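Listed below, chain by chain, are the residues.
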Amino acid sequence: MTSFTRSLTELDDGALRRLISARPDAFFPAPPQIASLATRLALPGSIARALRRLTAPDLALLERLADAGAEFDPYDATAEAGEGALDNLRAHALVFGKDDELRIAPGVLSAVPAGWRVTDRAPDDFDDLMAEISGPERKVLERLATNGGVGTTKAAAPDADPTTPIGALIAKGLLVRVDSSSVRLPRPVRDVLRGHPPRTFPMTEPSAPGIDQDSVDTAATTQGLDAVRQLRQLITLLLAEPVPLNKDGSVGVRVRTNVGKELGFDPALLITIGESAGLIGRGNVDDTDVLAATKDALTWLDAALSDQWAILLTGWAASPWRTDKEEKLLSPEMHSPDARGARLTILHHHGDPQRLFYFAPLAASQFPPSFIDTTVEEARFVGALDATPAASTPLKALLENADIAAATRALVPAPVDMLIAQADMTVLAPGPLELEMVAFLENIAQLESPGVASVWRITDASVRRGLDSGLTADEIHSWLNDHVMGEVPQGITFLIDDTARTHGSIRAGAAMSYLRSADPALITTASVKLSGIIRPLAPTVAVSQLPLPKLMHALRKAGLQPTAEDETGAQLNMAPEPALVPATPSRLPRPATVTDEQAEQIIARLRSKGTSAVPAPAPAGDTIEVLRAAARGKRKVTLGYVDKNGRGQTLTVLPLSVSAGQVDVHVAATDRVVRIALPRITKVVMA
């Protein structure tokens, strides 16, 4: 019989290359010899990563091997080998030996979640059975669900009282009898107890739908550019005025609602994306903890549209925030770094549950349905998936660690610099606009239909907003004349002139600050609305103790339309310097990879050490692993331990369960169950 370590020495160069590609984490740094490689391949973390790469049929085969005792004794798997079913397990070094003497590698079964089986199926009347269980029966199920899914009880014996809760659950198919002294909680039951629907993992590969990549990319580009537009609006808002945070750094519900009202959409997802991309951050401004834009946001606002989309897409994929949770925005409860890897797993299979459950069953079983649904919805929003859902070219580039910016650049049309103005007070942009044009249009018009080609509506409120920003009517007319194909409709021209006629009739300056207007009625109105803040000096002049920026804000809040001026009467733009905070960008998790050149160097190093005198470890490398393996396989062990009086004892026992620093064993000689603390055990040998 071949040991695991010896089997590694017998791998040819091609098999070693496949192993290096499948489990690169075991080869950093390069192992000095085969024995070291065997130890690394048996580490729980390395095995867990390998198991998450297996398909549902791979895991089903591994379960059959375990049921046949291949963890301890050779198993004849010639039939499976002939069909190629063993190829993936061998490539990941999860099994070893000849086809007719196959063994499960050390530590593999210990890395599978306790009680988890891909082949478990729910009974046909599963929903009715779960709805009808009694209180004591539910208590048994919940206790097993919170304690690993496997339990030891005398009520599991075939001749035990069938009216007990355990006997009744076994009869209903809601518990599985492992043997006469133990039961196992089926995976579908555990799913329901966790609030998830019972899941079925397909054993045949789901068919892939036909995809028109051009159509997918067109839809994804339209949606992705709209997400860019919304993020730009959010950043612009934060540049103008950061929003306060709660003491724990989260965004309050009221603040989120107010920002949403001002923007016209819920900013929650974009805030998490911006924070992950380093465009939005949290910091202290004027002794107040705020959510604000970062220095990188200024660079992003000036970047090309395609680059903006690439950064947004990457920021979303790398986001450590779980937006499917009903928690305060950016609260510690929302933070989950594992969400990044989970999100990438879902994206690799385009969010299709059947493909996800076939290709990544172990990983997918840990994802709440709400997380899968939310990930697909968000992926559509940022232009990673279309409605099919199918992957856009930028998403494929992201998953393949290729140039995402190049992928977005190939999809975003060249910017246009001409508009089409229509008599219904709308302006059509036939393609993406230059950033300067977008900024100007956002000042004087309201976006009505987003997309690669967009429609903007000019209203008195939007024109007033442009005038408030420091523009004049002549500047707006001149800009439209320069960028509109043909003549600007008279309706738009009249609207601009009518709005500008009353705008700026009252003027403010610094004295601390002052007001002046040719219309005495406006000074009177301001004095009444801001009583105690301004004081009239003459029918057309008043002064205030407020600084000019605060006076401007107070006047606008009172419904007036002031224009700021300097001491010469020249108009001023009163936009304040933006308050910026440090960026804390997130990074995509990137698995270790080995280049072809590195693989050849590793193989040469292992070959140079020779293969003789290699120690052959036991199937399970340490005390805990031996006990767990014996408990799974119902194998007896010879156990040495120190009792409470300090005397050494030796027993031949059957391990029942290993958990919480202790092992429960059945002593056949006395027919009793003994609990022994693991630190007291001195040796364990398979009997």
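Residues numbered from 1 in each chain as written. Predicted model: local features only at pLDDT ≥ 70, side-chain atom pairs only at ≥ 80, totals over all residues. Heavy atoms only, no water.

Under the annotation held in an unreviewed UniProt entry, the protein chain carries the name Helicase XPB/Ssl2 N-terminal domain-containing protein and is attributed to Corynebacterium genitalium ATCC 33030.

Student: When you look at the sheet that holds strand β7 (residues 280-285) in this model, what are you seeing that I'm missing?
Tutor: Strands pair in a sheet through their backbones, by hydrogen bonds, and they do so in one of two ways: parallel or antiparallel. Reading across from one edge, β6-β8-β7 is the order of the three strands in this open sheet, with antiparallel pairing throughout. Here the strands that pair on one side only, and so sit at the sheet edges, are β6 (243-244) and β7. The pairing of β6 with strand β8 (residues 288-293) spans two bridges and is antiparallel. The residue bridging Val243 from the neighbouring strand is Leu291, located in β8. (Pairing = 2+ DSSP bridges. Helix = DSSP H or I, 4+ residues; strand = E, 2+ residues; numbered from the N terminus.)

Student: Please clarify how the sheet that holds strand β18 (residues 637-642) should be interpreted in this entry.
Tutor: The sheet built from five strands is open, its strands ordered β21-β20-β19-β18-β22 with antiparallel pairing. The open sheet has two edge strands with one neighbour each: β21 (672-677) and β22 (681-686). Across the sheet, the axes of successive neighbouring strands diverge by a mean angle of 45 degrees, strand direction being ignored. Where strand β20 (residues 662-667) meets β21, six bridges bridge the pair, whose relative direction is antiparallel. By the bridge assignment for β21, His666 is matched with Val673. (Axes fitted to C-alpha atoms, helices over the stretch in contact; angles between N-to-C directions.)

Student: Help me out: how do you make sense of the side chain of Asp664 in this one?
Tutor: Relative to the assigned elements, Asp664 resides in strand β20. Taking relative accessible area as the criterion, Asp664 reaches 15% and is therefore assigned buried. Contacts of Asp664, omitting those with residues within four sequence positions, involve Leu654, Pro655, Leu656, Ser657, Val673, Val674 and Arg675. (Buried < 20%, exposed > 50% of the residue type's maximum accessible area, 1.4 Å probe, protein only. Contact = heavy atoms within 4.5 Å.)

Student: Please clarify how a negative patch on the surface should be interpreted in this entry.
Tutor: Together, Asp124, Asp125, Asp127, Asp128 and Glu132 make up a negatively charged patch on the protein surface. Look at Asp124 and you get exposed, because its relative accessible area is 88%. (Patch = residues over 30% accessible without salt bridge, like charges linked within 9 Å, V, L, I, M, F, W, Y side chains within 5 Å. Areas by Shrake-Rupley, 256 points an atom, 1.4 Å probe, with all protein chains shown as cover. Salt bridge = Lys/Arg side-chain N within 4 Å of Asp/Glu carboxyl O. Lys, Arg positive; Asp, Glu negative; His and termini not counted. Charge placed at Lys NZ, Arg CZ, Asp CG, Glu CD.)

Student: I tried to follow the nonpolar core on my own but got confused; where do I start?
Tutor: Soluble globular proteins: nonpolar side chains tend toward being buried together. In this structure, Leu231, Leu234, Ile235, Leu291 and Trp316 are the most contacted members of the largest nonpolar core, which totals 59 residues. Counting residues per element, this core draws most heavily on helix α13 (residues 213-240), which supplies nine residues. In contact with Trp316, not counting residues within four places along its chain, are Leu269, Ile273, Arg343, Leu347, Thr375, Glu378, Ala379, Val382 and Ala384. (Core = buried A, V, L, I, M, F, W, Y, C linked by side-chain atoms within 4.5 Å.)

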